[in-house]
There are 2 protein chains.
Amino acid sequence: MEVIRSNFKDNLSKVYEAIEEADFLAIDGEFSGISDGPSVSALTNGFDTPEERYQKLKKHSMDFLLFQFGLCTFKYDHTEEKYIMKSFNFYIFPKPFNRSSPDVKFVCQSSSIDFLANQGFDFNKVFRNGIPYLNQEEERQLREQYDEKRSQANGAGSLSYISPNATKCPVVIPEDQKKIIDKIVEQIEEFLKNEENESLELEPCTGFQRKLIYQTLSWKYPKGIHVETLESDKKERYIVISKVDEEERKRREQQKQAKEQNLCLQEELNDAVGFSRVVHAIANSGKLVIGHNMLLDVMHTIHQFYCPLPDDLSEFKEVTSCVFPRLLDTKLMASTQPFKDIINNTSLAELEKRLKEVPFSPPKVESAEGFPSYDTASEQLHEAGYDAYITGLCFISMANFLGSFLSPPKNHVSARSKLIEPFFNKLFLMRVMDIPYLNLQGPDLQPKRDHVLHVTFPKEWKTSDLYQLFSAFGNIQVSWIDDTSAFVSLSQPEQVQIAVNTSRYAESYRIQTYAEYVEKKHEEKRAKRKCTEDSWKEMERKRLKTQGSPYISQSRYYCINSFTGTSIVGKRSMSPIQEETGPDNLEEEGVPEDQTNSYAESPPDVKKRAKRFKKIKSEQVSAGGLTSNSTEIFEVPETW
Amino acid sequence: MEVIRSNFKDNLSKVYEAIEEADFLAIDGEFSGISDGPSVSALTNGFDTPEERYQKLKKHSMDFLLFQFGLCTFKYDHTEEKYIMKSFNFYIFPKPFNRSSPDVKFVCQSSSIDFLANQGFDFNKVFRNGIPYLNQEEERQLREQYDEKRSQANGAGSLSYISPNATKCPVVIPEDQKKIIDKIVEQIEEFLKNEENESLELEPCTGFQRKLIYQTLSWKYPKGIHVETLESDKKERYIVISKVDEEERKRREQQKQAKEQNLCLQEELNDAVGFSRVVHAIANSGKLVIGHNMLLDVMHTIHQFYCPLPDDLSEFKEVTSCVFPRLLDTKLMASTQPFKDIINNTSLAELEKRLKEVPFSPPKVESAEGFPSYDTASEQLHEAGYDAYITGLCFISMANFLGSFLSPPKNHVSARSKLIEPFFNKLFLMRVMDIPYLNLQGPDLQPKRDHVLHVTFPKEWKTSDLYQLFSAFGNIQVSWIDDTSAFVSLSQPEQVQIAVNTSRYAESYRIQTYAEYVEKKHEEKRAKRKCTEDSWKEMERKRLKTQGSPYISQSRYYCINSFTGTSIVGKRSMSPIQEETGPDNLEEEGVPEDQTNSYAESPPDVKKRAKRFKKIKSEQVSAGGLTSNSTEIFEVPETW
């Protein structure tokens with residue numbers, strides 16, 4: 001379903017419903033660009049650390065706009081043994097909603113725009129009909145503005161009194177009603193003269209009569225009397241007339257207006273928050289969210305609809321755990337055992353094709369009633385809604401394949417199965433040689449890199465020059481850093497020192513070990529920070545803070561367990577293990593109760609959740625529980 | 001006429017022709033944004049100097065994309081006494097043309113995009129079908145790449161020899177031609193056996209026969225003989241057969257291929273240069289180019305299609321004089337006497353309406369045959385082609401109005417008339433209080449600003465606080481600089497010192513005169529530059545260089561002549577003066593002959609022209625000629 005500005009509000013409840021009932025969600029984003037960095041190779045060096053990669057993406061990718069968001073919800077029908085899917089394709093644009101609203105600037109990259117244009121992407125739909133959005137800070141500011149307006153409206157001073165809609169001429173009353181209305185007017189006049197009673201209840205009457213009474217009174221008493229319709233126990237409607245002094249009447253009138261204005265302002269606020277409400281609903285659902293190569297999607301979603309990305313990777317992990325408590329990256333899954341050996345190409349289009357063939361089986365998925373179905377044969381790739389759909393299909397096929405290892409084998413593996421847990425919260429890292437994923441649930445892998453050299457050379461050098469230089473060392477791999485430096489990995493770590501030694505007297509180039517390079521880089525950073533007294537002091541403070549943290553020791557643990565040890569566990573194929581009992585073990589699997597209810601309207605309390613995350617993390621880290629559990633099932637590939 | 005990528009090449013000659021025949025050109029650009037600065041008021045302070053304004057626009061506006069360029073050419077038909085116009089609306093997009101081409105990033109501003117979207121702007125046309133372009137440096141680089149390819153192709157080594165298109169089976173020769181062809185083949189066989197002659201001329205024959213001969217020889221001699229068609233003095237075509245040894249044959253073949261490849265590469269290069277060719281044609285034509293509020297249009301055009309904007313305003317003026325030797329800004333014209341008093345609103349739409357009424361008369365303009373006409377009643381404003389057209393109409397009306405001051409009055413004033421010269425090369429400066437225009441032909445106006453105060457205050461202050469502070473000084477004008485400072489102009493310069501004196505002991509705010517403020521700013525700049533030894537030295541060098549330049553003294557001249565003196569000349573209405581004799585005084589009016597011929601293909605030699613500009617400028621400056629001439633007719637408004 002295509003969702004644009006004009007049909008967004010009408011379909012929002014459908015979106016909420018789809019999220020609420022789903023077993024899992026698949027998402028995908030289309031952006032106005034990928035990288036404003038100098039070159040892709042510089043942006044994605046094969047030996048980036050996760051921290052470096054995060055910094056590069058944050059610096060070079062966040063100024064682009066996420067302008068199409070695909071959401072595909074999947075719900076398993078146990079009786080029919082098939083998934084029912086609902087696909088939404090949202091067009092998104094930061095249309096300024098009033099004069100004081102933020103005027104967002106975003107960058108477009110010609111190659112990305114050209115690529116989308118060739119796919120038939122409809123830019124007019126984005127720019128003319130895109131759904132607006134606000135991040136949390138902007139929402140807060142707007143809410144404050146509105147609160148101010150509201151309190152002004154509620155205060156007596158600022159709002160001028162507007163008289164009730166006085167009818168300027170007598171109401172035309174049909175002959176058959178005249179008698180009744182005349183009688184009622186007489187009754188009221190008597191009541192108003194009499195000082196005893198404060199209010200007068202009229203006999204129950206028809207809607208048409210009530211209308212005539214209202215109109216007549218509004219004409220006869222232009223200064224206003226208080227007229228109200230109430231309902232009796234017998235569900236009959238009747239009119240109550242009350243005497244009001246001038247002040248009371250004004251107060252009531254203002255109350256009514258303020259109420260209307262509040263509703264109106266709330267509506268305006270909701271309109272401005274726009275698409276962010278969908279992301280809040282996804283976040284608050286706590287459902288498993290699937291994506292393909294989804295690091296950039298996750299970063300953009302948080303950056304655009306929650307808050308500017310934090311400076312540190314560790315903070316990013318905290319925020320992500322609040323917005324997307326459970327993520328699964330199908331590219332990482334397909335690149336990992338038991339899939340790695342039988343899947344050659346993990347690009348989304350190729351993966352989808354591969355997963356239709358043995359030993360996999362194409363999943364049974366149908367569009368829900370009233371939702372258009374996609375035809376995988378016609379390949380509408382790079383429409384976000386379609387890509388999200390395909391991603392979901394890939395996940396189902398791979399999850400079900402894991403069921404074949406069980407005894408007895410199972411055809412259907414649910415999104416809540418323990419079998420897929422090892423793939424949770426690990427986001428694929430593109431083109432990093434020895435760190436397959438960014439680990440959102442703890443410290444990242446730290447490979448030894450004792451076979452890696454850092455080489456500096458004149459800018460005229462090409463890859464062939466490096467191959468020639470290292471021709472004595474057999475197979476090498478070159479990862480360019482910039483014009484004048486690259487990492488070169490040798491096949492045998494023992495040769496590293498030989499290479500460094502032989503280069504000692506070279507004039508045009510310089511070789512150092514990876515460890516030396518990292519050490520020097522840290523030193524340079526320190527030296528740079530020394531420059532200004534203030535930043536130096538701050539750094540000291542930070543350094544003291546982190547020295548005692550469990551991160552470092554944990555990283556070392558990883559290094560030993562996962563990397564020196566891969567040759568032992570890396571080739572082991574998956575052994576049949578016990579499957580979960582069914583979909584009703586939801587609570588056990590750690591979806592907190594407060595996340596399953598009424599998650600639609602309010603954004604998640606990021607700070608509160610962040611604290612919880614910190615607590616869980618430190619518990620896991622000190623017990624070493626998370627990692628040892630994970631590696632039991634999930635195998636880190638030996639080479640990438 | 002709408003020009004997009006697919007019909008660009010086919011229509012280029014039409015564009016060239018339209019430019020060549022035109023009396024003047026009108027242009028307009030649509031951009032993806034206006035300013036990425038903090039706010040419009042900060043970007044356009046009422047007391048910006050032209051240098052400051054240039055720097056701000058350069059810094060905050062050049063990352064946007066000019067993605068629609070309107071060109072409207074106007075040619076006067078003396079017999080019919082009307083203008084014939086041709087309007088072109090170019091869609092422009094930096095589509096990468098190959099893998100090594102620049103991947104342009106550009107910024108979009110939501111408010112601008114939303115504005116254009118509301119006008120029905122077609123973004124799909126821009127992004128899917130926009131015409132590419134290269135600036136001069138990119139063109140040079142691509143040309144070098146191609147030259148390298150070409151020299152490789154011409155060298156013997158790299159290109160493998162391809163045999164002539166050998167026909168694989170005997171040619172089917174019609175019965176009536178068999179005898180002739182057989183005879184010719186016999187003749188050739190004889191010639192090849194015989195070692196005496198180097199070449200053989202065949203009898204003249206028909207095209208069909210020549211084709212048969214070519215085919216037959218290509219089949220009979222697959223290794224190739226040299227066959228060439230020549231034309232006799234009698235214009236009869238005949239075939240010449242030459243003996244070639246293997247080497248010679250290869251060489252000739254390669255020559256032919258290289259030629260084809262050259263043509264192909266040239267074609268590719270032309271395609272890549274794309275829309276820049278139109279701008280080169282406009283530049284090389286030397287024609288008067290009209291725009292409305294055109295400073296940003298000019299800056300963007302130069303930045304996108306020529307070179308990144310220079311750092312200094314003076315260099316920008318030089319480059320502009322090369323690309324657009326004669327510019328006229330209709331907003332500046334309409335804001336100047338004799339128009340200023342009778343035109344209230346100079347926005348393009350309002351101006352166009354005003355100029356249809358007395359004392360103006362709507363110009364007679366018709367679309368050329370085959371060109372669509374615009375309907376000014378339907379108001380397709382903000383399509384660049386339409387805006388250029390309207391701009392042209394405004395110019396014609398205003399120019400013709402000037403003719404009413406002549407004795408005898410004239411209905412038609414041409415684009416070459418001396419009457420409009422005072423408006424040349426002066427670009428409207430938006431929201432600057434006392435400097436109406438950026439002067440491209442010399443130093444800028446330097447108003448005294450002795451009634452202006454610079455005030456610093458806490459960031460909580462609002463305009464009302466400033467009004468209160470200066471309540472004793474009568475009417476004031478506030479121009480915000482940033483959150484904590486503003487210029488305040490008093491109505492009487494004598495009160496400036498009083499204001500400064502009374503503020504001496506104030507704690508929360510600080511007042512200084514404009515002169516003091518400028519002096520401090522210069523000092524700060526100097527201090528900043530002191531920081532690094534190198535930049536300091538360079539600054540010294542620059543300072544020594546400019547000390548002797550005629551700019552400073554000229555500026556002083558301006559200051560006295562134009563500003564203290566405005567009260568004398570400012571109110572003088574235009575007096576009837578002698579009009580030009582006709583369109584044939586073209587040469588006298590200073591269009592150099594070398595600019596009227598063959599300007600279509602090559603970009604203007606910016607450096608050469610820049611030198612000429614410098615020469616002219618210094619001559620004018622030393623003689624004081626330009627300015628005294630100008631001020632005679634063109635009146636600088638007293639207040640803006």
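Bear in mind that the values here come from a model prediction, so they are computed numbers and not experimental data.

(A) Spotlight on the overall build of chain A. On a plain count of helices and strands, chain A comes out with 24 helices and 17 strands. Taken across its 640 residues, chain A has 50% of its residues classed as buried. Considering only contacts in chain A between residues 6 or more positions apart, those separated by 24 or more positions represent 75%. Here chain A has roughly 32600 Å² of accessible surface; of this, 50% comes from carbon and sulfur atoms.

(B) Structural view of the confidence of the model for chain A. Residue and element names in this part refer to chain A. Per-residue pLDDT for chain A averages 79, and the proportion of residues at 70 or more is 77%. This stretch, residues 546–601, has a pLDDT under 50; its non-local contacts, to residues over four places away or in other chains, come to 97 contacts. The ipTM, which scores confidence in the relative placement of chains, is 0.72 for this predicted complex, and the corresponding pTM is 0.72.

(C) Just the interface of chain B and chain A, in detail. Taken together, the contacts link 27 residues of chain B with 27 residues of chain A. Carbon and sulfur atoms supply 53% of the area that chain B and chain A bury against each other, a total of about 2200 Å² over both sides. When residues of chain B are sorted by the area they lose upon contact with chain A, Lys105, Ser110 and Phe127 of chain B head the list and together hold 25% of the total. Counting every contact that joins chain B to chain A gives two salt bridges. As a salt-bridge pair, Asp114 of chain B and Lys95 of chain A come within 3.0 Å of each other at their nearest N and O atoms.

(D) View of the relation of the copies chain B and chain A. Overlay of chain B on chain A (RMSD 0.6 Å): rotation 179 degrees, translation along the axis 0.0 Å. Such a combination of rotation and displacement between the chain copies is what one expects of a two-fold axis. Within chain B, the C-alpha atom positioned nearest to the axis of rotation is that of Val107 of chain B, 2.1 Å from it. Take the interface residues of chain B: 100% of them recur as interface residues in chain A, which is what a same-surface contact looks like.

(E) Seen up close, the packing of aromatic side chains. Under the counting rule described, the total for this entry stands at 73 aromatic pairs over all chains. Pairing Phe93 of chain A with Phe106 of chain A gives two aromatic rings, centres 6.2 Å apart and planes at 85 degrees, and the pair type is edge-to-face. Separated by 13 residues along the polypeptide, Phe93 of chain A in the loop between strand S4 (82–91) and strand S5 (105–109) and Phe106 of chain A in strand S5 bring together distant segments of the chain. Here Phe93 of chain A and Phe106 of chain A have matching classes, each one buried. Summarising the aromatic geometry, the rings of Tyr133 of chain B and Phe305 of chain B are spaced 5.1 Å apart at their centres and angled 80 degrees between planes, so their arrangement reads as edge-to-face. Placement of the pair is Tyr133 of chain B in the loop between helix H5 (123–129) and helix H6 (136–154) and Phe305 of chain B in helix H11 (residues 295–305), with a sequence separation of 172 residues. Each member of the pair, Tyr133 of chain B as well as Phe305 of chain B, carries the same accessibility label: buried. Here the basic side chain of Lys426 of chain A rests over the ring of Tyr437 of chain A, its NZ or CZ set 5.6 Å away from the ring centre.

(F) Main features of unusual backbone geometry. Cis geometry is found at the peptide bond from Gln337 of chain A to Pro338 of chain A, where omega equals 5 degrees. With an omega dihedral of -5 degrees, the bond running from Ser407 of chain B to Pro408 of chain B counts as a cis peptide bond. Its location among the elements puts Pro408 of chain B in the loop between helix H15 (384–403) and strand S12 (426–428). Of note in the backbone geometry, Asn425 of chain B takes a positive phi value of approximately 55 degrees without being a glycine. Residue class for Asn425 of chain B comes out buried when judged on its relative accessible area of 4%. Phi is positive for Arg449 of chain B, which is not a glycine, with a value near 55 degrees. One can find Arg449 of chain B in the loop between strand S13 (437–439) and strand S14 (452–456). Classification of Arg449 of chain B by relative accessible area gives buried; the value is 4%.

(G) Spotlight on the sheet that holds strand S16 (residues 485–490) of chain A. All names here are of chain A. An order of S15-S16-S14-S17 is seen for the four strands of this open sheet, with the pairing classed as antiparallel. The outermost strands of the open sheet, each flanked by one partner alone, are strand S15 (476–482) and strand S17 (510–513). In this sheet, neighbouring strand axes are inclined to one another by 25 degrees on average, regardless of whether the strands run parallel or antiparallel. By the bridge criterion, four bridges tie strand S14 (residues 452–456) to S17 in an arrangement that is antiparallel. Across the sheet, Val455 pairs through a bridge with Ile511, a residue of S17. Strands S14, S16 and S17 of the sheet are contacted by helix H17 (residues 495–502), whose axis makes an angle of about 150 degrees with S17.

(H) Structural view of the packing of helix H7 (residues 175–193) of chain B against helix H8 (residues 207–220) of chain B. Residue and element names in this part refer to chain B. Packing of H7 against H8 leaves a shortest axis separation of 11 Å and a crossing angle of 50 degrees. Our classification of the angle between H7 and H8 gives oblique. Here the hand of the crossing between H7 and H8 comes out right-handed. Across the interface between the two elements, Gln177, Ile180, Ile181, Ile184, Val185, Ile188 and Glu189 from H7 touch Phe208, Gln209, Leu212, Ile213, Thr216, Leu217 and Lys220 from H8. Taken together, the residues of the contact of H7 with H8 break down into nine nonpolar, three polar and two charged.

(I) Representation of the pattern of salt bridges in the model. Overall, the coordinates contain 42 salt bridges over all chains when judged by the stated rule. As a salt-bridge pair, Lys125 of chain B and Glu2 of chain B come within 2.9 Å of each other at their nearest N and O atoms. With Lys125 of chain B in helix H5 and Glu2 of chain B in strand S1 (residues 2–3), this residue pair connects regions lying 123 residues apart in the sequence. Residues Arg354 of chain B and Glu357 of chain B are paired through a salt bridge, measuring 3.9 Å at the closest nitrogen-oxygen approach. Residue classification places Glu357 of chain B among the partly exposed positions, given a relative accessible area of 44%. Residues joined by salt bridges that share partners form a network here, namely Lys9, Glu267 and Asp271 of chain A.

(J) Spotlight on the pairing of S14 of chain A. Residue and element names in this part refer to chain A. Extensive coverage of S14 is indicated by the burial of four of its five residues. Sheet analysis places S14 next to S16, joined by five bridges and oriented antiparallel. Note on S16: the bridge partner recorded for Val455 is Ala486.

(K) Spatial organisation of the sheet that holds S14 of chain B. Residues and elements named next belong to chain B. The strand order S15-S16-S14-S17 describes an open sheet built from four strands, whose pairing is antiparallel. Only two strands of the sheet have a single neighbouring strand rather than two, namely strand S15 (476–482) and strand S17 (510–513). The average undirected angle you get between the axes of adjacent strands in this sheet is 25 degrees. Against the sheet, helix H17 (residues 495–502) engages S14, strand S16 (485–490) and S17, with an angle of about 150 degrees to S17.

(L) How the structure looks around helix H15 (residues 384–403) of chain A. The end-to-end C-alpha distance of H15 of chain A is 29 Å, a good match for the 28 Å that 20 residues give at a rise of 1.5 Å each. Counting buried positions along H15 of chain A yields 20 of 20 residues, so the element is predominantly enclosed.

(M) Focus on helix H3 (residues 50–61) of chain A. All names here are of chain A. The end-to-end C-alpha distance of H3 is 16 Å, a good match for the 16 Å that twelve residues give at a rise of 1.5 Å each. Among all positions of H3, only Pro50, Arg53, Tyr54, Lys56, Leu57, His60 and Ser61 are buried. One side of H3 holds all its buried residues, which, seen down the axis, span an arc of 165 degrees.

How each quantity is defined
Residues numbered from 1 in each chain as written. Chains lettered and ligands numbered in written order. Predicted model: local features only at pLDDT ≥ 70, side-chain atom pairs only at ≥ 80, totals over all residues. Heavy atoms only, no water. Helix = DSSP H or I, 4+ residues; strand = E, 2+ residues; numbered from the N terminus. Buried < 20%, exposed > 50% of the residue type's maximum accessible area, 1.4 Å probe, protein only. Contact = heavy atoms within 4.5 Å. Areas by Shrake-Rupley, 256 points an atom, 1.4 Å probe, with all protein chains shown as cover. pLDDT = per-residue confidence, 0-100. Buried area = accessible area lost by both parts, 1.4 Å probe. Salt bridge = Lys/Arg side-chain N within 4 Å of Asp/Glu carboxyl O. Least-squares fit on C-alpha atoms with pLDDT ≥ 70 in both. Phe/Tyr/Trp six-rings, centres within 6.5 Å; stacked < 30°, edge-to-face > 60°. Lys NZ or Arg CZ within 6 Å of the ring centre and 35° of its normal. Pairing = 2+ DSSP bridges. Axes fitted to C-alpha atoms, helices over the stretch in contact; angles between N-to-C directions. Parallel < 35°, antiparallel > 145°, perpendicular 65-115°, else oblique. Left-handed = near helix turned anticlockwise from the far one by under 90°. Nonpolar A, V, L, I, M, F, W, Y, C, P; charged D, E, K, R; others polar. Expected span 1.5 Å × (residues − 1). Arc of directions from axis to C-beta.

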